[in-house]
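# Descriptive structure summary
Here is what each chain is made of, one letter per residue.
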Amino acid sequence: MPDTVLEIDDLHKIYAGGVHAVRGISFEVNQGESVAIIGSSGSGKSTVLRCINRLIEPTDGAIYLKGDQINTPQTDINQVRSRIGMVFQSFELFAHLRVIDNITLGLIHVREMSRKDAEAEALEVLERVDMLDRKDAYPGNLSGGQKQRVAIARALAMKPEVMLFDEPTSALDLT
Ligand SMILES: Nc1ncnc2c1ncn2[C@@H]1O[C@H](COP(=O)(O)OP(=O)(O)O)[C@@H](O)[C@H]1O
Ligand SMILES: [Mg+2]
């Protein structure tokens, strides 16, 4: 029996305007597994991810993270978000912070690391995405693919139990 990390059970989302964006999707993600959701524009992919991360409330259905249901009124949303990392389609980097400070921010304030440890971790993840040489740049001076790699590094640094990627290679060069 594989270790189930994430379980989505009959998830529905009806937006306020009445659009039934997600109609009863169910799937499981096991430890070490990567699952891709493929569909045309507007088919509800981002909606599923936003429900998992509790950025929006599902209309119906259940979401379990390692067996704990995480869409109940009692759920601590900040705790859920610290266990589930997300790389947004639009990256959402802080424009006024250098690349390295975008990464250390969550490590210092959420993971409560010292600045020294956070910087060491940030350098390590920046190296993994080949962005070490741009550590002092501001996001506005990076290409789309470079911003995407920083966003990936920032999410990796937090060592979440699950990572959600919305259009993960949309901005990366083909070569
Ligand atoms: N905040 C919102 N309010 C109302 N409708 C929305 C909202 N976000 C997305 N939708 C609608 O829900 C459907 C699914 O959108 P989305 O999840 O973004 O699809 P995808 O990521 O697959 O392109 C679309 O019809 C979209 O217009
Ligand atoms: Mg989308």
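Structure report, in brief. Worth saying up front: this structure is predicted, and the values here are computed from it rather than measured.

## Re the packing of helix α4 (residues 115-128) against helix α5 (residues 144-157)
Where α4 meets α5, the axes come as close as 9 Å, and the angle between the chain directions of the two elements is 135°. With respect to each other, α4 and α5 are oriented oblique. Viewed along their axes, α4 and α5 form a crossing whose handedness is right-handed. Along its contact with α4, which presents Glu-121, Ala-122, Val-125, Leu-126 and Arg-128, the element α5 presents Ala-153, Leu-156 and Ala-157. Residue composition of the contact of α4 with α5, by class: six nonpolar, no polar and two charged.

## Some thoughts on the site of ligand 1
Residues in close proximity to ligand 1 include Tyr-15, Gly-17, Val-19, Ala-21, Gly-39, Ser-41, Gly-42, Ser-43, Gly-44, Lys-45, Ser-46 and Thr-47, which together make up its full environment. Top contributing element to the shell around ligand 1 by residue count: helix α1 (residues 45-52), with three residues. When its residues are assigned to classes, the shell around ligand 1 shows three nonpolar, eight polar and one charged.

## Points about α1
Buried residues dominate α1, accounting for six of its eight residues. Regarding α1, the residues found buried are Thr-47, Val-48, Leu-49, Arg-50, Cys-51 and Ile-52. Contacts from the buried residues of α1 go to β1 (4-14), β2 (20-30), β3 (60-65), β5 (84-87) and β6 (162-165). Looking at the residues trailing α1, positive phi occurs at Arg-54, about 60°.

## Focus on the packing of helix α3 (residues 99-109) against α4
Each pair of packed helices can be described by the angle between their axes along with the distance between the axes. Running from amino to carboxyl end, α3 crosses α4 at an angle of 130°, the nearest separation of the two axes being 9 Å. In terms of orientation, α3 and α4 fall into the oblique class. Both α3 and α4 take part in a crossing whose hand is right-handed. Residues Ile-100, Ile-103, Thr-104, Leu-107 and Ile-108 of α3 form the contact with α4, whose participating residues are Arg-115, Ala-118, Glu-119, Glu-121, Ala-122 and Val-125. Taken together, the residues of the contact of α3 with α4 break down into seven nonpolar, one polar and three charged.

## Side note on the pairing of β5
By the alternation rule, side chains of β5 split into Ile-84 and Met-86 and Gly-85 and Val-87, which are all buried. Here β5 runs beside β6; their pairing, made up of four bridges, is parallel. Bridge assignment links Gly-85 to a residue of β6, and that residue is Met-163.

## Overview of the environment of Lys-116
Relative to the helices and strands, Lys-116 is located in helix α4. For the pair Lys-116 and Thr-104, spaced 12 residues apart in the sequence, the C-alpha separation amounts to 9.5 Å.

## Regarding the nonpolar core
Side chains that are nonpolar tend, in soluble globular proteins, to be buried together. Ile-52, Ala-122, Ala-151, Ala-153 and Ala-157 are the most contacted members of the largest nonpolar core, which totals 33 residues. For this core, the secondary-structure elements that each account for two or more residues are β1, α1, β3, β5, α3, α4 and α5. In terms of residues, this core owes the most to one element, α5, which gives six residues. Ignoring anything within four residues of it in the chain, the contact list for Ile-52 reads Ile-63, Ile-84 and Leu-164.

Calculation criteria
Residues numbered from 1 in each chain as written. Chains lettered and ligands numbered in written order. Predicted model: local features only at pLDDT ≥ 70, side-chain atom pairs only at ≥ 80, totals over all residues. Axes fitted to C-alpha atoms, helices over the stretch in contact; angles between N-to-C directions. Helix = DSSP H or I, 4+ residues; strand = E, 2+ residues; numbered from the N terminus. Parallel < 35°, antiparallel > 145°, perpendicular 65-115°, else oblique. Left-handed = near helix turned anticlockwise from the far one by under 90°. Contact = placed C-beta atoms within 7 Å. Nonpolar A, V, L, I, M, F, W, Y, C, P; charged D, E, K, R; others polar. Near = placed C-beta within 6 Å. Buried ≥ 20, exposed ≤ 12 C-beta atoms within 10 Å, placed from the backbone. Pairing = 2+ DSSP bridges. Core = buried A, V, L, I, M, F, W, Y, C linked by C-beta atoms within 7 Å.

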